[in-house]
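# Architecture at a glance
Each chain is listed here by its residues.
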Amino acid sequence: MGETWAKGLVGGVDLHLDLPGTRVRAGLEDALRDAIRAGRLRAGTRLPSSRALAVDLGIARNTVAEVYSQLVAEGWLTARTGSGTSIAPHRAPAPGAAVTARPEQAVPRFDLRAGAPDLSAFPRRAWLATARKVLANAPDYLLGYPDPRGLPQLRAALAEYLARARGVTADPAHIVICAGFAHGLAGISRALRAAGAATLAVEAYGHQTHRDIAAGQGLRLRPLPVDGMGAVVGQAAGADAVLLTPAHQFPLGVTLHPRRRREVADWGGVVIEDDYDGEFRYDRQPVGALQTLAPDHVIYAGTASKSLAPSLRLGWLVVPPRLLDAVTTELAAGPSALDQLTLAEFIASGGYDRQIRRARLVYRRRRDRLAAALRRQDLRVTGIAAGMHAVLELPRASLEHAALSGASEHGVAIDGLGHYRAGGTGPDDHGHSVPAGLVIGYGRPPEHAYTTALARLCAVLADLR
């Protein structure tokens, strides 16, 4: 007998069993032992009744009952009157049979790393109410395979929102829904490479993950220096495309100077604009999207990762018409249609704007508390006019390393500037020393933990002096 699916009629348990050879009883015993050893059947799993399993396998009930009895006697199974037959507590795995699983990543108690919002502030009730509404009213056809660009309802809602809130020139037909920025960047990189692009210029400070994604698609990377006016875009000459965070450079926090914005607009290559936290600005006028200056060659990218939650896996690209088909082709697997419908309704109903305003107020207050606490130690943070993180500059790399070590000892997770620099923490390509510092995220901790996290960080910094 070959591979067989067995569905127990009692309890609805499905079993996938490989019954080798023609010796039915021996084959069933071996198949069950192998499934238990390999961990496919876990301790406590209830098996189908002997009658149900016999029907599904097309064998005699007595054969199944005898196999169950034998495995109970050997300690593989347990049987109780009225409770059926179940997998016994795990035996020690056979030598060589164990598979080493990746350990779960520990969640730091006091997390001041940049890049994520306060997940406890997710608008659960409003989102649930919206999801129920759209699910109740969604026509059946929307439960099928969606348009590869994303649902028209979400693209239309985003076109209106992005034009109003971020100044983006957005036709719904030119918007592509993706599963977050990393997914979108991978698709863009593949599309560029397929079109013959070879080099992507990136800011010298940024997410290593993003650099890895682009390089993984075959693009050579060219780091661009970042100074007080933002990325030095003049050094992108000869590159085929450039990846920028112009509204709030990540992680340094500087805004791309108007003169350099014009340089980018006049540049002939493809520009990928990562507008990762454009909604969160505090004591300055909002900086509109770069895309509106050159919609013919700027791909605008945004997500709900900072405004709502990363696990939603909802992002969007506004793509120039000449690149639309190529990028869409590379983004075949997008987010759930139901999640897209929910976000579309959340935006249209005003819930998204209300969430942004609430979060903006909370993060501004946290930023102010951080700045005040560091001022009391005669320390100054930069890049705080927008976003959910700040940079504390330090005079030398040794202090950065000492601060990271001390923070770890105090249970505080935080990153140094070297974590984000292309090429690591050594001298740059010209032999010049690079700045040292800490990138302090004030978005992640829930409100009740932020005070303690900040106090522990200040204690670490006081020990450095």
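Up top you'll find the structure we're talking about.
Turning to the overall build of the protein, a few remarks are in order. Each helix and strand counted, the protein has 13 helices and 19 strands in total. When its C-alpha atoms are laid out on the principal axes, the protein stretches across 85 × 55 × 45 Å. For the protein, the proportion of contacts with a sequence separation of at least 24, taken over those separated by at least 6, is 72%. Of the roughly 22200 Å² that the protein leaves accessible, carbon and sulfur atoms contribute 52%. Charge centroids of the protein, computed over 54 positive and 44 negative side chains, lie 5 Å from each other.

Vacant regions in the atomic arrangement are exposed by a probe of water-molecule size rolled over the atoms. The computed volume of the largest pocket comes to approximately 1000 Å³. Residue lining of the largest pocket: 42 residues in total, with Ala114, Gly115, Ala116, His207 and Arg444 positioned closest to the centre. Mapped by element, the contributors of at least two residues to the lining of the largest pocket are strand E5 (110-111), helix H6 (181-194), strand E7 (199-203), helix H7 (208-216) and helix H13 (447-464). A per-element tally of the lining of the largest pocket places H7 first, with 3 residues.

What follows deals with unusual backbone geometry. A cis amide bond links Phe250 to the next residue, Pro251, at an omega of 5°. Residues other than glycine seldom take positive phi values, yet Arg313 does so here, at roughly 55°. Looking at where Arg313 falls in the secondary structure, it is placed in the loop between strand E13 (298-303) and strand E14 (315-318). Under the relative-accessibility criterion, Arg313 is labelled partly exposed at 38%. Here the phi dihedral of Asp378 falls at roughly 60°; this positive angle occurs in a residue that is not glycine.

Moving on, we get to a nonpolar patch on the surface. On the surface, a cluster of nonpolar side chains totalling about 270 Å² of accessible area is made up of Leu135, Leu143 and Leu338. Position of Leu143 relative to the elements: it lies in the loop between helix H4 (124-137) and helix H5 (152-166).

The next subject is the sheet that holds strand E18 (residues 415-416). Spatially, 4 strands are ordered E15-E16-E19-E18 in an open sheet, and the strand pairing comes out antiparallel. The open sheet has two edge strands, strand E15 (381-382) and E18, and neither has a second partner. Sheet topology places E18 next to strand E19 (residues 436-441); 2 bridges connect them, and they run antiparallel. Counterpart to Asp415 in the pairing with E19 is Val439.

Moving on: the environment of Ala344. Among the secondary structure elements, Ala344 is positioned in helix H10 (residues 337-348). Those residues within four positions of Ala344 in sequence are excluded, and the remaining contacts are Gln153, Leu154 and Ala157.

The next subject is helix H3 (residues 61-74). For H3, built from 14 residues, the straight-helix expectation of 20 Å at 1.5 Å per residue is met to within 8% by its first-to-last C-alpha distance of 20 Å. Three or more residues of H3 are buried, namely Thr63, Val64, Val67, Tyr68 and Leu71. Angularly, the buried residues of H3 cover 135° about the axis, an arc narrow enough to put them on a single face. Seen from the buried face of H3, the exposed residues on the opposite side, beyond 90 degrees, are Asn62 and Ala73. Elements that come into contact with the buried residues of H3 comprise helix H1 (24-37), helix H2 (50-57), strand E3 (77-80) and strand E4 (84-87). One or two positions beyond H3, positive phi appears at Gly75, with a value near 95°.

Within strand E12 (residues 270-274), 5 of the 5 residues are buried, which leaves the element mostly enclosed by the surrounding structure. Because side chains alternate across E12, one face comprises the buried residues Val270, Ile272 and Asp274, and the other comprises Val271 and Glu273, equally buried. The pairing of strand E11 (residues 241-244) with E12 spans 4 bridges and is parallel. Among the inter-strand pairings, Leu244 is bridged to a residue of E12, identified as Glu273. Between the parallel pair E11 and E12, the chain is carried across by helix H8 (residues 258-266), and the sense of this crossover is right-handed. Direction of pairing for E12 relative to E13: parallel, over a ladder of 4 bridges.

Counted under the stated rule, the structure contains 6 aromatic pairs. Ring geometry for Phe250 against Tyr420: centres 5.3 Å apart, planes inclined by 90°, an arrangement best described as edge-to-face. Here Tyr420 lies in the loop between E18 and E19 and Phe250 lies in the loop between E11 and H8, a separation of 170 residues in the sequence. Taking the relative accessible area as the measure of exposure, Tyr420 reaches 3% and is therefore buried. Note on Phe280 and Tyr363: the rings are 5.5 Å apart at their centroids and 80° apart in plane angle, and the pair reads as edge-to-face. Residue Phe280 is located in the loop between E12 and E13, and its partner Tyr363 is located in helix H11 (residues 351-375); the two are separated by 83 residues in the primary sequence. Residue class for Phe280 comes out buried when judged on its relative accessible area of 0%. Joined through ring pairs, the aromatic side chains of Phe122, Trp127 and Phe346 make up one cluster. Stacked on the ring of Tyr450, the Lys or Arg Arg366 has its end atom at 5.3 Å from the ring centre.

Calculation criteria
- For every chain, the first residue of the written sequence is number 1, and numbering continues from 1 onward in sequence order.
- Per-residue local features of the predicted model are confined to residues with pLDDT of at least 70, and side-chain atom pairs are confined, for both listing and counting, to 80 or more; whole-chain, interface and lining totals are unaffected and use all residues.
- Only hydrogens and water are set aside when side-chain values are computed; all heavy atoms of the structure are taken into account.
- Per the convention used, a helix needs a DSSP run of H or I reaching at least four residues, while a strand needs a run of E reaching at least two, with both numbered from the N terminus.
- Here, residues are in contact when the closest pair of their heavy atoms is within 4.5 Å.
- Surface accessibility follows the Shrake-Rupley procedure with a 1.4 Å probe radius. Residue values consider only the protein chains on display as shielding.
- Two residue types count as positive, namely Lys and Arg, and two as negative, namely Asp and Glu; His and chain ends fall outside the count.
- Taken as the charge location is NZ of Lys, CZ of Arg, CG of Asp or CD of Glu.
- A cavity, in this analysis, means grid points on a 1 Å lattice covering only the protein atoms where a 1.4 Å probe fits yet has no way out; a pocket is instead an open set bounded by protein on both sides within 12 Å along at least five of seven lines, and a residue lines either one if it has an atom within 4 Å of a point.
- Grid points are joined across faces, edges and corners, and a volume is the space filled by probe spheres set on the points.
- Only protein chains enter the accessibility calculation, which uses a 1.4 Å probe; a residue is then buried when its area is under 20% of its type maximum, exposed when over 50%, and partly exposed in between.
- For patch detection, residues must exceed 30% relative accessible area and be free of salt bridges, and they are connected within 9 Å for like charges or within 5 Å for nonpolar side chains (Val, Leu, Ile, Met, Phe, Trp, Tyr).
- Each reported salt bridge corresponds to a side-chain nitrogen of Lys or Arg within 4 Å of a carboxyl oxygen of Asp or Glu.
- Strands are labelled as partners when DSSP assigns at least two bridges between them.
- A helix is expected to reach a length of 1.5 Å times the quantity of its residues less one.
- Along the arc lie the directions from the helix axis toward the C-beta atoms.
- Viewed with both strands pointing away, a crossover whose connecting path from the first strand over the helix to the second turns clockwise is right-handed.
- Two rings from Phe, Tyr or Trp (for Trp, the six-membered ring) form a pair when their centres sit within 6.5 Å of each other. Planes less than 30 degrees apart are called stacked, planes more than 60 degrees apart edge-to-face, and all others tilted.
- Working rule: Lys NZ or Arg CZ, within 6 Å of ring centre, within 35 degrees of ring normal, means a charge sits over the ring.

None of this, on its own, says anything about what the molecule does.
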